[in-house]
Amino acid sequence: MSYSEKVIDHYNNPRNVGSLPKGDTAVGTGLVGAPECGDVMKLQVRVNPETGVIDDAKFKTFGCGSAIASSSLATEWLKGKTLEQALEIKNVDIVQELSLPPVKIHCSVLAEDAIKAAIADYKRKQQDGQ
Amino acid sequence: MTGLRNRLSDGLRRELDEIYINGSVEHRLPGNLNVSFAYVEGESLLMGINDIAVSSGSACTSATLEPSYVLKALGTSDELAHSSIRFGLGRFNTEEEVDFVVQKVSAVVKRLREMSPLYELAKEHEEVKIRG
């Protein structure tokens with residue numbers, strides 16, 4: 001399996017590994033994938049409630065190098081974006097940036113799902129007034 | 001060679017918890033060791049040890065993404081099958097090489113566990129157990 005330089009870079013120097021406090025109202029958490037499939041991503045965003053801008057993002061991933069790179073890249077892209085801009089991130093953008101081969105496209109799809117799940121969780125929290 | 005294999009196995013068990021030997025410990029090829037490292041995916045582990053020649057899953061499925069049907073037949077769960085690495089020792093391997101592998105593999109597993117949501121969940125809720 002040959003990995004692109006960018007995938008290797010994200011693997012060796014992952015950006016934003018870690019966790020944000022789940023109970024924090026400004027934090028949205030997305031947990032996607034399944035251990036039985038060999039891919040689980042947890043992606044979190046902290047949103048500034050006044051500006052609607054994502055000011056921090058963290059990830060943890062159980063998966064191959066491409067999965068780790070996709071989620072690491074996602075956290076890089078999310079910082080500084082509004083929720084609407086974040087929802088525009090498509091898996092094909094990740095595929096292109098990381099030069100993912102066809103067999104690893106599902107990693108980018110999971111990363112897009114994780115972004116959407118994190119944002120949906122944040123929005124749900126605002127609605128519930130948690 | 002069985003001595004080297006046992007040195008590898010004992011070394012890994014000393015450095016890491018929650019690792020599982022797949023298949024029978026007694027009835028196997030003397031130079032073969034297939035280990036699952038819980039909470040860490042096999043391919044990501046391979047990327048970190050690219051100066052060691054190993055494969056993930058079992059020999060026949062090392063080139064694919066499917067969890068190994070051999071490991072499944074041995075009773076390994078799908079999740080642990082995705083976390084497995086196969087070590088093949090030969091008559092030219094040395095004790096120094098085995099010790100190097102123990103150190104390198106342990107370091108990479110520890111680093112990847114810090115990045116793993118499954119490890120985090122397991123630590124948070126000790127009642128979450130992986131059934132092998």
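The shown structure was predicted, so the numbers you read here are calculated from the model rather than taken from an experiment. (Residues numbered from 1 in each chain as written. Chains lettered and ligands numbered in written order. Predicted model: local features only at pLDDT ≥ 70, side-chain atom pairs only at ≥ 80, totals over all residues.)

Asks: How would you summarise the sheet that holds strand 4 (residues 84–88) of chain B if you had to cite specific residues and measurements?
Replies: Residues and elements named next belong to chain B. On the basis of which strands lie adjacent, the open sheet formed by 4 strands has the order 1-2-4-3 and antiparallel pairing. Both outer strands of the open sheet, strand 1 (19–21) and strand 3 (55–56), are each paired with one neighbouring strand and no more. In this sheet, strand 4 lies alongside strand 3 in antiparallel orientation, the contact comprising 2 bridges. For Ser55, the partnering residue across the bridge sits in strand 4 and is Arg86. Where helix 1 (residues 2–15) meets the sheet, it contacts strand 1, strand 2 (32–37) and strand 4, and its direction lies at approximately 15° from that of strand 2. (Pairing = 2+ DSSP bridges. Helix = DSSP H or I, 4+ residues; strand = E, 2+ residues; numbered from the N terminus. Contact = placed C-beta atoms within 7 Å. Axes fitted to C-alpha atoms, helices over the stretch in contact; angles between N-to-C directions.)

Asks: Go over the pairing of strand 2 of chain B, please, and point to the residues and values.
Replies: Sheet faces and side chains relate simply in a regular strand, where the side chains alternate between the two faces. Residues and elements named next belong to chain B. Summarising burial for strand 2: 5 of the 6 residues are buried, a large majority. The sheet contact formed by strand 1 and strand 2 spans 3 bridges and is antiparallel. Considered in strand 2, the bridge of Ile21 is made with Val35. Looking at chain direction, strand 2 and strand 4 are connected through 5 bridges and run antiparallel. Its bridge partner being in strand 4, Ser36 is matched across the sheet by Ser84. (Buried ≥ 20, exposed ≤ 12 C-beta atoms within 10 Å, placed from the backbone.)

Asks: Can you lay out the sheet that holds strand 2 (residues 39–48) of chain A for me, pointing to particular residues and giving the numbers?
Replies: Residue and element names in this part refer to chain A. An order of 1-2-3 is seen for the 3 strands of this open sheet, with the pairing classed as antiparallel. With partners counted over all chains shown, the strands left at the sheet margins are strand 1 (27–34) and strand 3 (53–62), one partner each. On average, each strand axis in the sheet is tilted by 15° relative to the strand beside it, whichever way the strands run. Looking at chain direction, strand 2 and strand 3 are connected through 9 bridges and run antiparallel. Within the sheet, the bridge partner assigned to Arg46 lies in strand 3 and is Asp56. On the sheet, helix 5 (residues 105–128) packs against strand 1 and strand 2 and is oriented at approximately 145° with respect to strand 1.

Asks: Give me the lowdown on the environment of B:His125, citing residues and values where you can.
Replies: Take B:His125: it is sitting in the segment after helix 6 (117–124). Looking at B:His125, the number of C-beta atoms within 10 Å reads 9, which means it is exposed.

Asks: Run through the nonpolar core, naming residues and quoting values.
Replies: It is characteristic of soluble globular proteins that their nonpolar side chains tend to be buried jointly. Core analysis: the biggest nonpolar cluster contains 61 residues, and A:Met41, A:Ala74, A:Ala114 and A:Ile115 have the highest contact counts within it. Contacts of A:Ala114, omitting those with residues within four sequence positions, involve A:Gly30, A:Val32, A:Met41, A:Leu43, A:Ser71 and A:Ala74. (Core = buried A, V, L, I, M, F, W, Y, C linked by C-beta atoms within 7 Å.)

Asks: Outline the interface of chain A and chain B, listing residues and values.
Replies: If you look at the interface, chain A gives 18 residues, while chain B gives 14 residues. Only strand 2, strand 3 and helix 2 (65–78) of chain A provide two or more residues apiece to the side of chain A that touches chain B. Its residues assigned to classes, the side of chain A that touches chain B shows 10 nonpolar, 5 polar and 3 charged. (Nonpolar A, V, L, I, M, F, W, Y, C, P; charged D, E, K, R; others polar.)

Asks: Summarise the packing of helix 1 of chain B against helix 5 (residues 95–114) of chain B; cite the residues concerned and give the values.
Replies: All names here are of chain B. Where helix 1 meets helix 5, the closest approach of the two axes is 9 Å, and the angle between their N-to-C directions is 25°. One way to sum up the angle between helix 1 and helix 5 is to call them roughly parallel. Crossing of helix 1 against helix 5: the hand is right-handed. Along its contact with helix 1, which presents Leu4, Arg7, Leu8, Gly11, Leu12 and Glu15, the element helix 5 presents Glu95, Val98, Asp99, Val101, Val102, Val105 and Ser106. Considering only residue class, the contact of helix 1 with helix 5 consists of 7 nonpolar, 2 polar and 4 charged. (Parallel < 35°, antiparallel > 145°, perpendicular 65-115°, else oblique. Left-handed = near helix turned anticlockwise from the far one by under 90°.)

Asks: Run through the environment of B:Asp17, naming residues and quoting values.
Replies: Structurally, the position occupied by B:Asp17 is in the loop between helix 1 and strand 1. Measuring from C-alpha to C-alpha, the distance between B:Asp17 and B:Leu80 comes to 14 Å, with 63 residues separating the pair along the chain.

Don't take any of this as a statement about function, it's just geometry.
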